[in-house]
Every structure is written in structure tokens, then in C-alpha cells.
Amino acid sequence: MTIHAYAAAGPDAPFEAFEFDPGPLGYDQVEIAVEYCGICHSDLSMLKNDWGMTQYPFVGGHEVAGKIVALGEGVKGLEAGQRVGVGWTSGSCLRCDQCLSGYQNRCPDAEGTIVARHGGFADRVRAQAAWAIPVPDGVDLADCGPLFCGGLTVFGPFVENNISPTDRVAVVGIGGLGHMAIGFARAWGCEVTAFSTSPDKEAEAREMGAHHFLNTRDASQLAAAAGSFDMILVTVNVALDWDAYVAALRPGGKLHLVGAAEKVSATVFPLILGQKAITASPTGGIVTARKMIEFCDRHALKPTIEEFPMSEINAAFEHLESGKARYRIVLAAG
Ligand SMILES: [Zn+2]
Ligand SMILES: [Zn+2]
């Protein structure tokens, strides 16, 4: 058995054709023929070894969409030919407190799809069966890869914060994560405000589902929104005027971070007085991922993607690095 992949030999090396033998298929694993694999910003961070945990040759790719081609002996409930997706996590112990309480993504032994193993920039990829999320018939494999990492990351906060249809939600940043968050918030039934530093994105934000647009370069617009939002979902990774964002929350509101700015600094008293919280979350567990993809099917939600053949992976990464991707890049396997 040989897997044909694209690997980088170091942080500044290009991706090149790379073959490896994955060994025997695990008892609880499935093997997936990759049809599409999204490129996430975390793939770039891993390529560059930004988090000090990259092993080379590095095969990235953790937004996999494909079909099951082989099942380990112990796998139940999935079948050959079934369409599935795999995101950041490809395995967990399934017996610790985190796993048993539905937060398998927080398992201390969770396996990252591209951490110390090879990911989805390949013709085949393996995952623990529980982490191979069935894709409903109404969802196109070409579109759904990015849902399993970026999509899950912005869907989780709606579940975690018990967002209801009567809530007002703001999404900060109209990019790879933010554009999906706006769609989720609208389909959830919320009143949706898009926050952006780019006024030229207003029309697009409204098309994605935003009812309102707030230009955050204009501090007076943010000040005027004081006391407005039940959740402000921050998808950008830059320092913000944190006190002004806390002020824009309604009492009991959550400033929820999925973009990794270096530090948060906010005045405590307004948090106490309004019983407001600054929260954060990583991707999501298995059941949240299943709910997310079913929600996307029901509401015909999909990311806006640009498709590249997997053989043009280096051009695709350059496009990602240029910041011009609108809004997720997906590689189509040969
Ligand atoms: Zn990712
Ligand atoms: Zn566990």
C-alpha cells in the first residue's frame, strides 16, 4: 500500500510529490480516498513550524472530503463508498472525561490530522472511524472540506453559548472564518451584524446574510452600538479595542474569540457589572461536527471557495499567503 501525497521538506521548501507506506490500517480506522481537501491557515502555520510541532516531510491538509475505501476490523456504522469529511482532529481516546462528555476535540490524547502524521494533501488519508463525519446527500464534496475545520470552529460558539434565534450576533472579520459565521448566524435566526475594516465588503456581507454592517475603522460606529449584542464572534487575529467590544455587548453577552490575537486586555469592572464574558473555543467535538454538517445541508450553507488542482498546491499556498483568497481554497485531488 502506497499513499501518494505532497510533502514539504522544511518550512521554506515547496510541496513535492511524496510517497509513503502507511502500514496496516488500524482496528478502529477508516481509509478515505481524498476527493477534495481545503487549505486552512493552520496548514500554513504548520508548514512554517509556527507552533514548534511540525515534523518534516510535512503533509498538510485537514479539511478532507472523500469516500471511504477501507475499514478496520472493528469499525461499525460506516461502509465502503460512504462520503465523509475529516477536520483538524482525526482520533481521540473515546474514554476520557472530555471524550465522554462530547468534547472529543479536547481529549489530551487527541490526534491532529497533520500533527506527527500525514494529512489530506494526498490521494488517501486515514482517521479513527468516529472522526470520519458522514456527509449528507445534499452537501457537495467539493464545498464541504472547509466546513470540517473552519466551519466547525465558527459553528461551535453558537452551540457553546446557547445562542437563540432572538439573539443579536456580530461577526468580526469577513474572511475565511467570518463569511461562514455570518451564514450560520443568519440561518440560526439571529439578527446579524458584520464588523469589518473594509467598507467595500458591505454589499458582500449583506449577500452572505448580514442585516447590518459596522465599519470598525470608525470608532464612533462601535461606540454607537454599545449594549447591542448577545455574542460578538471575533474571527480576526489582531489586537482590538477590547473595552469598546465589551461595551458593545448586551448584559450577559459573550465576546467569543476564535481568532488568535496575541493578548486580550480588558477592564474588569464592566465585565462584572454586566455579567459579560470573554470566551474562546477550538474547533468542536464529533457530535457538534455532525450537527454542523446537517445544519449546512438543511439551510444550503456552503463556504465560498476557490478550487485548485492538488498538483498546483504551491500556487494555492501562494494565493493563501497573499491574503487574496475568497474565501477558502480547496484542492481537487487528481
Ligand atoms: Zn484548520
Ligand atoms: Zn479522550
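The name that an unreviewed UniProt entry assigns to the chain is alcohol dehydrogenase (NADP(+)), with the source organism given as Botrimarina mediterranea. Quoted verbatim from the Sequence similarities (unreviewed entry) heading of the UniProt record, the comment on the chain is "Belongs to the zinc-containing alcohol dehydrogenase family." According to the UniProt record, the Cofactor (unreviewed entry) comment for the chain is "Zn(2+)".

Student: Help me get a handle on the coordination of the zinc ion (ligand 2), residues and values and all.
Tutor: Donor atoms from the polypeptide that bind the zinc ion (ligand 2) are Cys93 (SG), Cys96 (SG), Cys99 (SG) and Cys107 (SG), placed at 2.3 to 2.4 Å. In this structure, the zinc ion (ligand 2) is coordinated by four donor atoms arranged in tetrahedral fashion, with angles at the metal of 104 to 116°. Look at where the donors of the zinc ion (ligand 2) fall in the sequence and you get C-x2-C-x2-C-x7-C. With respect to burial, Cys93 and Cys96 carry one shared label: buried.

Student: An account of the packing of aromatic side chains is requested, with residue identities and associated values reported.
Tutor: Where two aromatic rings form a pair, the distance of their centres and the angle of their planes describe that pair. Counting across every chain of the model gives 14 aromatic pairs. Aromatic side chains Trp51 and Trp88 sit 6.3 Å apart centroid to centroid with 80° between the ring planes, which places their arrangement in the edge-to-face category. Linking Trp51 in the loop between α1 (41-47) and β4 (64-71) with Trp88 in the loop between β5 (83-86) and β6 (89-91), this pair joins segments that are 37 residues apart in sequence. Joined through ring pairs, the aromatic side chains of Phe155, Phe158, Phe184, Trp188 and Phe295 make up one cluster. In this structure, Arg106 is placed above the aromatic ring of Tyr103, and the distance from its NZ or CZ to the ring centre is 3.7 Å.

Student: Explain the coordination of the zinc ion (ligand 1) to me, and be specific about the residues and the numbers.
Tutor: Here the zinc ion (ligand 1) is held by Cys40 (SG), His62 (NE2) and Cys149 (SG), and the distances to it run 2.0 to 2.2 Å. Read N to C, the donor residues that coordinate the zinc ion (ligand 1) are spaced as C-x21-H-x86-C. One end of the pair, His62, is in the loop between α1 and β4; the other, Cys149, is in the loop between α3 (141-144) and α4 (150-160), and 87 residues separate them in sequence. For the pair shown, His62 and Cys149 are each scored as buried.

Student: Go over the domain arrangement of the chain with me, naming the residues and quoting the values.
Tutor: Splitting the chain by domain gives domain 1 (3-149 + 284-332) and domain 2 (152-280). Just the C-alpha atoms count here: the centres of domain 1 and domain 2 sit 28 Å apart. With 19 residues of domain 1 in contact, the opposing surface of domain 2 contributes 19 residues. Approximately 1600 Å² of surface area, both sides summed, lies buried where domain 1 meets domain 2, with 68% of it carried by carbon and sulfur atoms. Area buried by domain 1 at its contact with domain 2 is led by Thr288, Phe295 and Tyr327, which between them contribute 37% of it. In this assembly, domain 1 and domain 2 are joined by zero salt bridges. There are six residue pairs in polar contact (both at pLDDT 80 or more) connecting domain 1 and domain 2. The leading source of residues in the side of domain 1 that touches domain 2 is helix α10 (residues 286-298), at six residues. Its residues assigned to classes, the side of domain 1 that touches domain 2 comprises twelve nonpolar, four polar and three charged.

Student: Run through the environment of Asp123, naming residues and quoting values.
Tutor: For Asp123, the position within the fold is in the loop between β7 (111-112) and β8 (124-128). The exposure class assigned to Asp123 is partly exposed, which follows from its relative accessible area of 30%. The spatial distance from the C-alpha of Asp123 to the C-alpha of Thr2 is 9.6 Å, given a sequence separation of 121 residues.

Conventions adopted
- Residues numbered from 1 in each chain as written.
- Chains lettered and ligands numbered in written order.
- Predicted model: local features only at pLDDT ≥ 70, side-chain atom pairs only at ≥ 80, totals over all residues.
- Heavy atoms only, no water.
- UniProt positions renumbered as here; feature names shortened; annotations may be inferred.
- Donors = N, O, S within 2.8 Å, 3.2 Å for Na, K, Ca; no water.
- Tetrahedral: all angles 85-135°; square planar, octahedral: opposite > 155°, others 65-115°.
- Buried < 20%, exposed > 50% of the residue type's maximum accessible area, 1.4 Å probe, protein only.
- Phe/Tyr/Trp six-rings, centres within 6.5 Å; stacked < 30°, edge-to-face > 60°.
- Helix = DSSP H or I, 4+ residues; strand = E, 2+ residues; numbered from the N terminus.
- Lys NZ or Arg CZ within 6 Å of the ring centre and 35° of its normal.
- Domains from an automatic or database assignment.
- Contact = heavy atoms within 4.5 Å.
- Buried area = accessible area lost by both parts, 1.4 Å probe.
- Salt bridge = Lys/Arg side-chain N within 4 Å of Asp/Glu carboxyl O.
- Polar contact = N/O pair within 3.5 Å; in protein donor to acceptor, adjacent residues only side chain to side chain.
- Nonpolar A, V, L, I, M, F, W, Y, C, P; charged D, E, K, R; others polar.

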